[in-house]
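Residues per chain, in single letters:
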Amino acid sequence: QVQLVESGGGLVQAGGSLRLSCAASGRTFSSCSLGWFRQTPGKERELVAAISWIGNRKYYTDSVKGRFLISRDNAKNTVYLQMDSLKPDDTTVYFCAASSRSTYSTKQNEYNYWGQGTQVTVSS
């Protein structure tokens, strides 16, 4: 069992930066792959970034490549999403999720545990 709590969301101007954190509890965190998703009302939940259990493999959706960086610190049971050059289109709720797969998955239904979400708002 893994419990996830996100933090770090907020309001920022376009071009600014935010770093999201997701703190996990549970003994199996270090063996889980992790992902950051986002969902705007009326749209499907989108995988933004994912990272394998030891952090050597990463995935980014095309719209955030070169702007976002996912990382994890297994000693701290935390995964991060550094978001730079933010755009108004990045405005939405961001969710952290954990999968029992050691390599990351791009499929929502392969993520077993979810956080409650944190709001990111980028003003123009």
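Residues numbered from 1 in each chain as written. Predicted model: local features only at pLDDT ≥ 70, side-chain atom pairs only at ≥ 80, totals over all residues. Heavy atoms only, no water.

We now examine the overall build of the chain. Along the backbone of the chain there are 0 helices and 11 strands. Counting from the amino terminus, helix and strand elements in the chain follow one another as β-β-β-β-β-β-β-β-β-β-β. The globule rule puts the C-alpha radius of gyration for 124 residues at 14 Å, and the 13 Å found for the chain is close to it. Principal axes of the C-alpha set define a box for the chain whose edges measure 40 × 30 × 25 Å. Looking at the chain residue by residue over its 124 residues, the buried ones come to 43%. Long-range pairs, those at least 24 residues apart, make up 59% of the contacts in the chain with a sequence separation of at least 6. Considering the chain, the positive charge centre built from 14 side chains and the negative charge centre built from 9 side chains are found 6 Å apart. (Helix = DSSP H or I, 4+ residues; strand = E, 2+ residues; numbered from the N terminus. Rg over C-alpha atoms; globule rule 2.2 N^0.38 Å. Buried < 20%, exposed > 50% of the residue type's maximum accessible area, 1.4 Å probe, protein only. Contact = heavy atoms within 4.5 Å. Lys, Arg positive; Asp, Glu negative; His and termini not counted. Charge placed at Lys NZ, Arg CZ, Asp CG, Glu CD.)

A word on the state of the cysteines. Counting across every chain of the model gives 1 disulfide. Across a sulfur-sulfur distance of 2.2 Å, cysteine 22 and cysteine 96 are joined as a disulfide pair. Judged by the sign of its S-S torsion, about -80°, the cystine formed by cysteine 22 and cysteine 96 is left-handed. A residue pair is termed long-range when its members are at least 10 positions apart, and cysteine 22 in strand S3 (residues 18-25) and cysteine 96 in strand S9 (residues 92-99) qualify at 74 residues. Of the two residues examined, cysteine 22 and cysteine 96, each falls in the buried class. Of all cysteine sulfurs in the structure, the one in cysteine 96 sits closest to cysteine 32, which takes part in no disulfide; the separation is 10 Å. (Disulfide = S-S within 2.5 Å.)

Read across the open sheet, the 4 strands follow the order S1-S3-S8-S7; overall the sheet is antiparallel. Since the sheet does not close on itself, it has two edges, and those belong to strand S1 (3-7) and strand S7 (68-73), each with one partner. Each strand axis lies, on average, 15° off the axis of its neighbour in the sheet, ignoring direction. (Pairing = 2+ DSSP bridges. Axes fitted to C-alpha atoms, helices over the stretch in contact; angles between N-to-C directions.)

Turning our eyes to something else, we now look at the environment of valine 64. Tracing the sequence through the fold places valine 64 in the loop between strand S6 (58-60) and S7. The class for valine 64 is buried, based on a relative accessible area of 0%. Through-space distance from the C-alpha of valine 64 to that of serine 31 is 26 Å; in sequence the pair is 33 residues apart. With residues up to four places along the chain from it excluded, the contact list for valine 64 reads Arg38 and Val48.

It is worth spelling out unusual backbone geometry at this point. Look at asparagine 77: it is not a glycine, yet its phi comes out positive at around 55°. Inspection of the secondary structure assignment puts asparagine 77 in the loop between S7 and strand S8 (78-83). For asparagine 77, a relative accessible area of 22% corresponds to the partly exposed category. We note that serine 85 has phi near 50°; this positive angle belongs to a residue other than glycine. Assignment of secondary structure puts serine 85 in the loop between S8 and S9.

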